[in-house]
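Below, each chain spelled out in residue letters.
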Amino acid sequence: MFKKIKRNLKIFLLFGYQSLKTTGQSRQAIFLFTLGKILRFIFLFGVIFLVFSKTKIIAGWSLKQVVILYLTFNFIDTFSQLLYREVYRFRPQVISGNLDLILVKPYHPFLRVLVGGVDFLDLLLLVPYFFLLLFFIFQEKISFFSFFLYLTLVINGLIISTAFHIFVLALGLLTTEVDNAIMIYRDILNLGRFPIEIYQQIISFIFTFIIPIGVMITFPVKALFNFLNFNNVVFAFFISFLFLLLSIKFWQIGLKKYQSAGG
Amino acid sequence: MISVKNLTKIYKVYRKTGNLINDIFFRRYENILALDKVSFEISKNELVGFIGPNGAGKTTTLKILSGILYPTSGKVSVLGFSPFEKKEAFLKQISFVMGQRNQLIWDLPAIDTFLLNKEIYELDEEKFKKNLQKLTAIFSAEKLIQKPVKMLSLGERMKMEFIAALLHQPKIVFLDEPTIGLDIFSQEAIRNFIKDYQKEFKATIILTSHYLEDVKKLAKRLIIINKGKILYDGSLTTILQKFSSLKYVSLILEKEVKEEVLFKIGKPIAYQFPKVVFRIQKKDLPQVVAFINDQIPYLDLAIEDEKIEEVIKNLFENHKD
């Protein structure tokens, strides 16, 4: 078991190293990509401050709480993009038939199609997000337990994000007609950069129970400020476990139904 | 080593009707029978050629044998494994090369992919170096491995694909149209490589190709497949005995001969003095030769078998719906 984990880790790191080498080939792209992301981050950060210049509370959330939520969103989103960048390249792999050559390799295909293309450009942004997040969190009076629960629920959010990415991969196996399914996920996730309470009740319900982006992003921050009751914490872990399980099952069904290009 | 019994594969394919509403809301799917109860066995160190027109089921067979596709029904055993289970121990013993598809990392030199495969297949340093040296030497490609893949020609890239696929010395190699799109020199290089590899590593190789030349030069055994059914499974020589009913008789005439005399044999398929060629039924050969000896003055006489390409073409045409 340990040997297997060690081998998988070695392959993962090698994929990462090669991804870094590939990224390093185009310096202009690095510059433009990073600049675009920084500008978007600053712009939305500015919007939050602009909104709070007109009001003190939005749906029960203060400015600092919304800022922490926004940074938490950015952290989870950027971390997912860093780790799961290869998912964005999955459909071309299926259409070109190159996926077949991945499926005959003696490792779990997730090593390649899920985490095989670590995007180091996102790492450039993840580090400042992380420190900004810590900076804002430690300005608040937070208990150790709340902080611990926050961290656990952030990890839980990353598990839900993993499940979403696996769903996208499985969908890519089942049909090549859904172009850029990952972009649908991203569009939905973007709604989570604000507290789910700002949405109508029905949308808030959907974002908690059906497409749990609220559990991914709003729940950790609620836990940080002691807004989350015990039942919701248990529910958060349950839904991430269920989502992960379902996504893996969906992937397995996808593999069975996979027809392969040119087959 | 490979055992296939009653293998069937059905693809579910979406059929467009041309009506936008129907195509979006009331989709029609069609079941396409890609393989229809196919059975065969392949032993160790065999090189088998799979021949068939587009959509015959060649690639589907290979993809099921390698575990890429899940069979609809039937039993498949490769090296004692059920391929679709994708056990690591199984996958470490096989390899798949597909023409015009690649496992190489586009922006980096091929050596980077080789190093990656070294870890994936858990090759020790010594074995990796030894195999890499051997394989690059067969292709005389020692310098190419350091060039970024995107800078290589198609032929050079295919050579690198082969090296990447065979570094771990697989026991079974699936080759799907490996020479497609290559010039004649690269085709020859690939064929020689396959031959040398099989001899050196005692591998079992299954090859599909549109170029019959590949199969003629490499495979002793031929499996002909059409519309998901096996039409023939046997040696290249037996196929002529079994399915060829024609012979070609070529004559170099000594002097011009009246057409009526020539037409007694049959209508020549080519006639430009002094050369005349007849296509005759195999069973008529003794009488025809006797007639020629008796009635036609000639300088040279040659009797040839029907070309294997024609035999196979006829075989496909006879099995059209």
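**As for the sheet that holds strand 11 (residues 270-272) of chain B**
Paired through backbone hydrogen bonds, the strands of a sheet run either parallel or antiparallel to each other.
Residues and elements named next belong to chain B.
Logical step 1: With antiparallel pairing, the 4 strands of this open sheet are ordered in space as 11-12-10-13. In the strand order of this sheet, the two ends are held by strand 11 and strand 13 (298-305), each with one partner. Within this sheet the neighbouring strands show an average axis-to-axis angle of 20°, counted without direction.
Logical step 2: Note: strand 10 (residues 246-253) against strand 13, 7 bridges, orientation antiparallel.

**A few points about the sheet that holds strand 1 (residues 2-15) of chain B**
All names here are of chain B.
Logical step 1: One open sheet holds the 3 strands; their spatial order is 2-1-4, and the pairing between them is antiparallel. Edge positions in the sheet fall to strand 2 (28-42) and strand 4 (73-78), since each of these pairs with one other strand and no more. Between one strand axis and the next, the sheet turns through 30° on average, direction left out of account.
Logical step 2: Pairing of strand 1 with strand 4, which is carried by 5 bridges, proceeds in the antiparallel orientation. Following the sheet pairing, Lys5 is matched in strand 4 by Lys75.

**What to know about the domain arrangement of chain B**
Logical step 1: Taken domain by domain, chain B consists of domain 1 (39-240) and domain 2 (245-305).
Logical step 2: Between domain 1 of chain B and domain 2 of chain B, the C-alpha centre-to-centre distance is 45 Å.

**Thoughts on the interface of chain A and chain B**
Logical step 1: Contact with chain A, which involves 30 residues of that partner, is made by 34 residues of chain B.
Logical step 2: Buried surface at the junction of chain A and chain B, summed over both partners, amounts to about 3,000 Å²; 56% is from carbon and sulfur atoms.
Logical step 3: Considering only the surface of chain A that becomes buried against chain B, Leu101, Val104 and Pro106 of chain A emerge as the three largest contributors, covering 19% of it.
Logical step 4: Inspection of the chain A/chain B interface yields 6 salt bridges.
Logical step 5: One salt bridge in this structure joins Asp100 of chain A and Arg101 of chain B, with 3.5 Å as the shortest N-O distance.
Logical step 6: Joining chain A to chain B, the criterion identifies 16 residue pairs in polar contact (both at pLDDT 80 or more).
Logical step 7: Counting only elements with at least two residues in the side of chain A that touches chain B, the list comes to helix 1 (2-23), helix 5 (99-103) and helix 12 (230-257) of chain A.
Logical step 8: Residue contributions to the side of chain A that touches chain B peak at 10 residues, all from helix 1 of chain A.
Logical step 9: Class assignment of the residues belonging to the side of chain A that touches chain B gives a composition of 11 nonpolar, 10 polar and 9 charged.

**Focus on the layout of surface pockets**
Logical step 1: Its boundaries defined by the atoms lining it, the largest pocket holds a volume of some 930 Å³.
Logical step 2: If you go around the largest pocket, you meet 36 residues; those closest to its centre are Thr22, Glu86, Arg89 and Arg112 of chain A together with Ile105 of chain B.
Logical step 3: At the level of elements, helix 1, helix 2 (27-52), helix 4 (90-96) and helix 5 of chain A together with helix 4 (110-120) of chain B are the ones that each hand at least two residues to the lining of the largest pocket.
Logical step 4: Top contributing element to the lining of the largest pocket by residue count: helix 1 of chain A, with 5 residues.
Logical step 5: When its residues are assigned to classes, the lining of the largest pocket shows 15 nonpolar, 14 polar and 7 charged.
Logical step 6: Size it by volume and the second largest pocket reaches roughly 770 Å³.
Logical step 7: If you go around the second largest pocket, you meet 26 residues; those closest to its centre are Leu174, Lys257, Tyr258 and Gln259 of chain A together with Lys12 of chain B.
Logical step 8: Looking at the lining of the second largest pocket, the elements that each hand over two or more residues are helix 8 (144-174) and helix 12 of chain A together with strand 1 and strand 2 of chain B.
Logical step 9: The element that contributes the greatest number of residues to the lining of the second largest pocket is strand 1 of chain B, accounting for 6 residues.
Logical step 10: For the lining of the second largest pocket, the per-class residue count stands at 12 nonpolar, 8 polar and 6 charged.

Parameters and conventions
- Residues numbered from 1 in each chain as written.
- Chains lettered and ligands numbered in written order.
- Predicted model: local features only at pLDDT ≥ 70, side-chain atom pairs only at ≥ 80, totals over all residues.
- Heavy atoms only, no water.
- Pairing = 2+ DSSP bridges.
- Helix = DSSP H or I, 4+ residues; strand = E, 2+ residues; numbered from the N terminus.
- Axes fitted to C-alpha atoms, helices over the stretch in contact; angles between N-to-C directions.
- Domains from an automatic or database assignment.
- Contact = heavy atoms within 4.5 Å.
- Buried area = accessible area lost by both parts, 1.4 Å probe.
- Salt bridge = Lys/Arg side-chain N within 4 Å of Asp/Glu carboxyl O.
- Polar contact = N/O pair within 3.5 Å; in protein donor to acceptor, adjacent residues only side chain to side chain.
- Nonpolar A, V, L, I, M, F, W, Y, C, P; charged D, E, K, R; others polar.
- 1 Å grid on protein atoms, 1.4 Å probe; cavity = no way out; pocket = protein on both sides within 12 Å on 5 of 7 lines; lining within 4 Å.
- Points joined across faces, edges and corners; volume = space filled by probe spheres on them.

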